[in-house]
Amino acid sequence: MKEIIIATKNRGKAKEFVEMFEPLGYAVKTLLDYPEIEDVEETGTTFEENAVLKAETVAKLLGKVVISDDSGLMVDALEGRPGVYSARYAGEQKDDQANMDKVLEELKGVPVEKRTARFCCTLAIANPASGTQTFTGTCEGVILEERRGEYGFGYDPIFFVVEEDKAMAELPPEKKNSISHRANALKKLKEQLPQVL
Ligand SMILES: O=c1nc[nH]c2c1ncn2[C@H]1C[C@H](O)[C@@H](COP(=O)(O)OP(=O)(O)OP(=O)(O)O)O1
Ligand SMILES: [Mg+2]
């Protein structure tokens, strides 16, 4: 089986990449399979910068083609926050529950029509021999006033997808993986690099 390496230590992302790549005939490896590789410091100020940093660092270490994912939630009423700081919004411990509580608290009293938001995902594919390309996908939604659903990870329980009339965390994996920011970025990557995937 062909193998693809995803430079992530996030279990929620890793699960989605397995779900999206296995039907294409790829065995997925992530940094959870390479415990000796340390977390790449995300010093960029955009999803693209951080995605490139993560993919190139790991591609160089392994001498192989590597895909990374930098993603997050942008809330209009918060001027785009938490944005690139989504993982650590409530502190260094990267706690999904604390991060959601912080967003809900900051949006207290904000009416539904002003609670618009989007998930963003930039995938970087780094080839040690030929360079790096990036692909970005988004998914539009509205921030709920309380959590709904058990699927997914991160901010999914507070992100309402209008077209589905459900919170992202109420959508089963097959559904999320056809409409998500990550799915949309991967579609672009596949369209533009059919020879790689
Ligand atoms: O589909 C998603 N559904 C809900 N929340 C999501 C999603 N996609 C990203 N997110 C949130 C989770 C985390 O708070 C941040 C990603 O931060 P980000 O730096 O890209 O990932 P990370 O540090 O968890 O793992 P890694 O850098 O090893 O890939 O955005
Ligand atoms: Mg990260």
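Residues numbered from 1 in each chain as written. Chains lettered and ligands numbered in written order. Predicted model: local features only at pLDDT ≥ 70, side-chain atom pairs only at ≥ 80, totals over all residues.

**Re the pairing of strand E5 (residues 131-143)**
And then number 1: Strand direction decides the pairing type here: strand E4 (residues 116-127) and E5, joined by 12 bridges, are antiparallel. Considered in E5, the bridge of threonine 122 is made with threonine 136.
And then number 2: With antiparallel pairing between neighbouring strands as the criterion, E4 and E5 make up a hairpin whose turn holds 3 residues.
And then number 3: Of the pairings in the sheet, the one linking E5 to strand E6 (residues 159-161) comprises 2 bridges and is antiparallel in character. (Pairing = 2+ DSSP bridges. Helix = DSSP H or I, 4+ residues; strand = E, 2+ residues; numbered from the N terminus.)

**Observations concerning the confidence of the model for the protein chain**
And then number 1: Per-chain confidence: the protein chain averages 97 in pLDDT, with 99% of residues scoring 70 or above.
And then number 2: Here the complex is predicted with pTM 0.97, and the ipTM for its interfaces comes to 0.99. (pLDDT = per-residue confidence, 0-100.)

**Description of the UniProt feature "binding site: Mg(2+)" (unreviewed entry) in the protein chain**
And then number 1: Mapped onto the present numbering, the UniProt feature "binding site: Mg(2+)" (unreviewed entry) falls on Glu41 and Asp70. These annotated residues cover 30 residues of sequence, and their C-alpha atoms all fall within 12.1 Å of one another, placing them together at a single site.
And then number 2: Tracing the chain through its elements places glutamate 41 in the loop between strand E2 (26-30) and helix H2 (47-62).
And then number 3: As for its position among the elements, aspartate 70 is in strand E3 (residues 66-75).
And then number 4: Classification of aspartate 70 as buried rests on a count of 28 C-beta atoms within 10 Å.
And then number 5: Aside from chain neighbours lying at most four places away, what touches aspartate 70 is Phe47, Asn50, Ala51, Lys54 and Thr122. (UniProt positions renumbered as here; feature names shortened; annotations may be inferred. Buried ≥ 20, exposed ≤ 12 C-beta atoms within 10 Å, placed from the backbone. Contact = placed C-beta atoms within 7 Å.)

**Description of the pairing of E2**
Remark: a regular strand shows side chains that alternate across the two faces of the sheet.
And then number 1: Of the pairings in the sheet, the one linking strand E1 (residues 2-6) to E2 comprises 5 bridges and is parallel in character. Along E2, the bridge assignment pairs isoleucine 5 with lysine 29.
And then number 2: A crossover connection joins E1 to the parallel E2 through helix H1 (residues 11-21); in handedness this β-α-β unit is right-handed. (Right-handed = clockwise from strand over helix to strand, strands pointing away.)

**A short note on the environment of methionine 1**
And then number 1: By the element assignment, methionine 1 lies in the segment before E1.
And then number 2: For methionine 1, a count of 7 C-beta atoms within 10 Å corresponds to the exposed category.
And then number 3: For the pair methionine 1 and valine 28, spaced 27 residues apart in sequence, the C-alpha to C-alpha distance is 10.0 Å.
And then number 4: Contact partners of methionine 1, with chain neighbours within four places excluded, come to Gly25, Tyr26 and Ala27.

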